[in-house]
Amino acid sequence: MGKVDFGAKPIMVPQPVLIVGTYDENGNPDAMNAAWGITTDYNEISISMSSHKTTDNIAKTGAFTVSMGTVDTVIPCDYVGIESAHKVPNKVEKSGLHAVKSSRVNAPIFEELPMVLECKFKSFDNGILVGEIVNVMADESVVTNGAIDIKKLKPIAYNPCDHTYVSLGEVVGKAFSDGNKIK
């Protein structure tokens, strides 16, 4: 079986659908969809993004939230990624997402998104937003035995190969365990 070259492209799967929430200078909620993000330490997240209303907001407030897009929220999650808050200031309201203020950082939590990372701004260099994760919160509806249950969360990922969203959740192995079968 041969291999097919695709050239230098940002193809790494899965890419999480991250909804970055902020408040603007007037306290209005904003949200944007970002796929190029990952936790980079135990209490740190890094997201590759260019300049947006969201990054302007973070520079003013020093805080943001990051929620996982889910199967049940594909349409509003996609909408906040294709619409600019510079053009549509009430895009969160129009999306159908409902914002409540985080008690830990000056940023919104979206009621429809069942998992959120509350973050303090650390840096924005060369298009990479870095935040300190001060808390992770999840709705009880997606928690089993004191842990976030991926099957209940139903997170989605962006597939850059064909510009689709795919659902995640099927358990196929046990980390830090299955490799022991080779020993």
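The structure displayed is predicted, hence computed values, not measured ones.

Digging into the sheet that holds strand β5 (residues 44–48)
As a general point, the strands of a sheet are linked pairwise by backbone hydrogen bonds and lie either parallel or antiparallel. What the seven strands build is an open sheet, ordered β3-β2-β6-β9-β10-β5-β4; its pairing is antiparallel. Lying at the two open borders of the sheet, with one neighbouring strand each, are β3 (29–34) and β4 (37–41). Looking at each pair of strands side by side, their axes are set apart by 35° on average, direction ignored. In this structure, strand β2 (residues 18–23) lies alongside β3, joined through six bridges in antiparallel fashion. Within β3, the position partnered with Leu18 by the bridge is Ala34. Running at roughly 50° to β2, helix α1 (residues 53–61) makes contact with β2, β3, β6 (63–68), β9 (115–125) and β10 (128–138) of the sheet. Contacting β2 and β3, helix α2 (residues 74–82) runs over the sheet at an angle of about 95° to β3.

As for the environment of Lys9
Assignment of secondary structure puts Lys9 in the segment before β1 (15–16). Given the relative accessible area of 52%, Lys9 is considered exposed. Separated by 163 residues in the primary sequence, Lys9 and Val172 place their C-alpha atoms 28 Å from one another.

Observations concerning the layout of surface pockets
Over the atoms, a rolling probe the size of a water molecule traces out where space has been left empty. In this structure, the largest pocket encloses a volume near 250 Å³. Surrounding the largest pocket, 13 residues form its lining, Asn33, Ala34, Ala35, Tyr158 and Tyr165 being those nearest its centre. Of the residues forming the lining of the largest pocket, the biggest block, three residues, is contributed by α2. Of the residues assigned to the lining of the largest pocket, the class counts are six nonpolar, six polar and one charged.

Here's the deal with the pattern of salt bridges
Counted according to the given criterion, the structure contains seven salt bridges. Of the charged contacts in the structure, one is a salt bridge between Glu44 and Lys122, with a shortest N-O distance of 2.7 Å. On the criterion of sequence distance, the pair formed by Glu44 in strand β5 and Lys122 in strand β9 is long-range, its members being 78 residues apart. The exposure class of Glu44 is buried, given its relative accessible area of 16%. Counted as one network, the salt bridges with shared partners bring together Glu25, Lys53 and Lys60.

Considerations on unusual backbone geometry
Glycine aside, the phi torsion of most residues is negative, and most peptide linkages are trans. Residue Pro14 is reached from Val13 by a cis peptide bond, and omega for that bond is 0°. As for its position among the elements, Pro14 is in the segment before β1. One non-glycine residue, Asn126, adopts positive backbone phi at about 50°. For Asn126, the location among the structural elements is in the loop between β9 and β10. Assessed through its relative accessible area of 82%, Asn126 is described here as exposed.

A few points about the pairing of β9
Where β6 lies against β9, five bridges are found, and the strand directions are antiparallel. Across the sheet, Thr65 pairs through a bridge with Glu118, a residue of β9. The hairpin formed by β9 and β10 contains two residues between the paired strands, and Asn126 there has a positive phi angle of roughly 50°.

Quick notes on the nonpolar core
Most often, soluble globular proteins have nonpolar side chains that are buried together. By size, the foremost hydrophobic cluster in this structure holds 18 residues, and its most contacted members are Val20, Ile45, Ile47, Phe64, Val66, Leu117 and Cys119. Elements that contribute at least two residues to this core include exactly β2, β3, β5, β6, β9 and β10. Ranked by size, the runner-up nonpolar core spans 14 residues in total, among them Cys77, Phe110, Leu113 and Ile156.

The rules behind the values
- Residues numbered from 1 in each chain as written.
- Predicted model: local features only at pLDDT ≥ 70, side-chain atom pairs only at ≥ 80, totals over all residues.
- Heavy atoms only, no water.
- Pairing = 2+ DSSP bridges.
- Helix = DSSP H or I, 4+ residues; strand = E, 2+ residues; numbered from the N terminus.
- Axes fitted to C-alpha atoms, helices over the stretch in contact; angles between N-to-C directions.
- Contact = heavy atoms within 4.5 Å.
- Buried < 20%, exposed > 50% of the residue type's maximum accessible area, 1.4 Å probe, protein only.
- 1 Å grid on protein atoms, 1.4 Å probe; cavity = no way out; pocket = protein on both sides within 12 Å on 5 of 7 lines; lining within 4 Å.
- Points joined across faces, edges and corners; volume = space filled by probe spheres on them.
- Nonpolar A, V, L, I, M, F, W, Y, C, P; charged D, E, K, R; others polar.
- Salt bridge = Lys/Arg side-chain N within 4 Å of Asp/Glu carboxyl O.
- Core = buried A, V, L, I, M, F, W, Y, C linked by side-chain atoms within 4.5 Å.

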